Amino acid sequence: LADDSDSLRFQVVDAGMGQLAFYNTKLQSFVEMTEKGMVHTGKLSIKSISDEAKFTVVDMGSGKIALHNAKYNRFVAQRAGGAVERSSVKDGDKIPGTWADAIFTVVQAYKCNTGSGKMCKSCPAPGSRQAENHCDSCNAGYALVGKVCKDEHVVKSGWSGKKDDARA
């Protein structure tokens, strides 16, 4: 997922009763399942969670999950072309393991910002990042220490007495 894909990033929200909702902070909306398919709501507060936006996580094993909406008794599915839709009617405990379109791998998506100074000059591919602003390379005058860029002078001379000397 590209770093500028904020409209495709979602905050996982506790919807109560063991359910989750997915909130997009840029659009200020939730993903919802409706009678016609999958949509995003209009602008809503993060506390305004409808039954259409609540999903139960079904553990499929090996880090894979399925998302079931109890109101419509259907799963979220992502088709080969990328479209996100709802499955046919199916109880939450009855998903066949062969429904690849409705089985997702959980990943942590870290953002990385590039720029001047101690910001990253370049970032690893999104799937390879292990933290926010995990740098691949640094700008002139800065050295890569762990995953972050530090002032080269501080790195070469050792302890500066500043709180920025902690290990990355």
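Anything mentioned here points back to the structure above.
Residues numbered from 1 in each chain as written. Predicted model: local features only at pLDDT ≥ 70, side-chain atom pairs only at ≥ 80, totals over all residues. Heavy atoms only, no water.

Draft legend 1. The pairing of strand β6 (residues 64-69), seen in detail. Burial analysis of β6 places 5 of its 6 residues in the buried class, the great majority of the element. The pairing of strand β5 (residues 55-61) with β6 spans 5 bridges and is antiparallel. Within β6, the residue paired with V57 across the bridge is L67. Pairing of β6 with strand β9 (residues 104-105), which is carried by 2 bridges, proceeds in the antiparallel orientation. Across the sheet, the residue bridging to I65 is F104, located in β9. Relative to strand β7 (residues 74-78), β6 is paired through 2 bridges, and the arrangement is antiparallel. Residue pairing in the sheet places H68 in a bridge with F75 of β7. Between β6 and β7, which pair antiparallel in sequence order, lie 4 residues; one of them, N73, sits at a positive phi of approximately 55°. (Buried < 20%, exposed > 50% of the residue type's maximum accessible area, 1.4 Å probe, protein only. Helix = DSSP H or I, 4+ residues; strand = E, 2+ residues; numbered from the N terminus. Pairing = 2+ DSSP bridges.)

Draft legend 2. Quick look at the state of the cysteines. Summed over all chains, the structure comprises 3 disulfides. One disulfide bridge connects C120 with C135, the sulfur atoms lying 1.9 Å from each other. A torsion of -75° about the S-S bond marks the disulfide between C120 and C135 as left-handed. Here C135 lies in the loop between β10 (120-122) and β11 (137-138) and C120 lies in strand β10, a separation of 15 residues in the sequence. Residue classification places C135 among the buried residues on the basis of a relative accessible area of 4%. Between the sulfur atoms of C138 and its disulfide mate C149 the distance is 2.1 Å. Every disulfide takes its handedness from the sign of the S-S torsion; for C138 and C149 that torsion is -95°, giving left-handed. Highlighted residues: C138 in strand β11 and C149 in strand β13 (residues 148-151), separated in sequence by 11 residues. Across this residue pair, the class does not change: C138 and C149 are buried. (Disulfide = S-S within 2.5 Å.)

Draft legend 3. Focus on the nonpolar core. F22, V31, M33, M38, F55, I65, L67, Y72 and V76 form the largest nonpolar core, which has 9 residues in total. When residues of this core are traced back to their parent elements, those giving at least two are β3 (29-33) and β6. (Core = buried A, V, L, I, M, F, W, Y, C linked by side-chain atoms within 4.5 Å.)

Draft legend 4. The arrangement of the pairing of β7 in detail. The buried fraction of β7 amounts to 4 of the 5 residues, a majority that puts the element mostly inside the structure. Between β7 and the antiparallel strand that follows it, strand β8 (residues 84-86), lie 5 residues; G82 among them carries a positive phi value of about 105°.

Remember, this is a structural readout, not a statement about activity or role.
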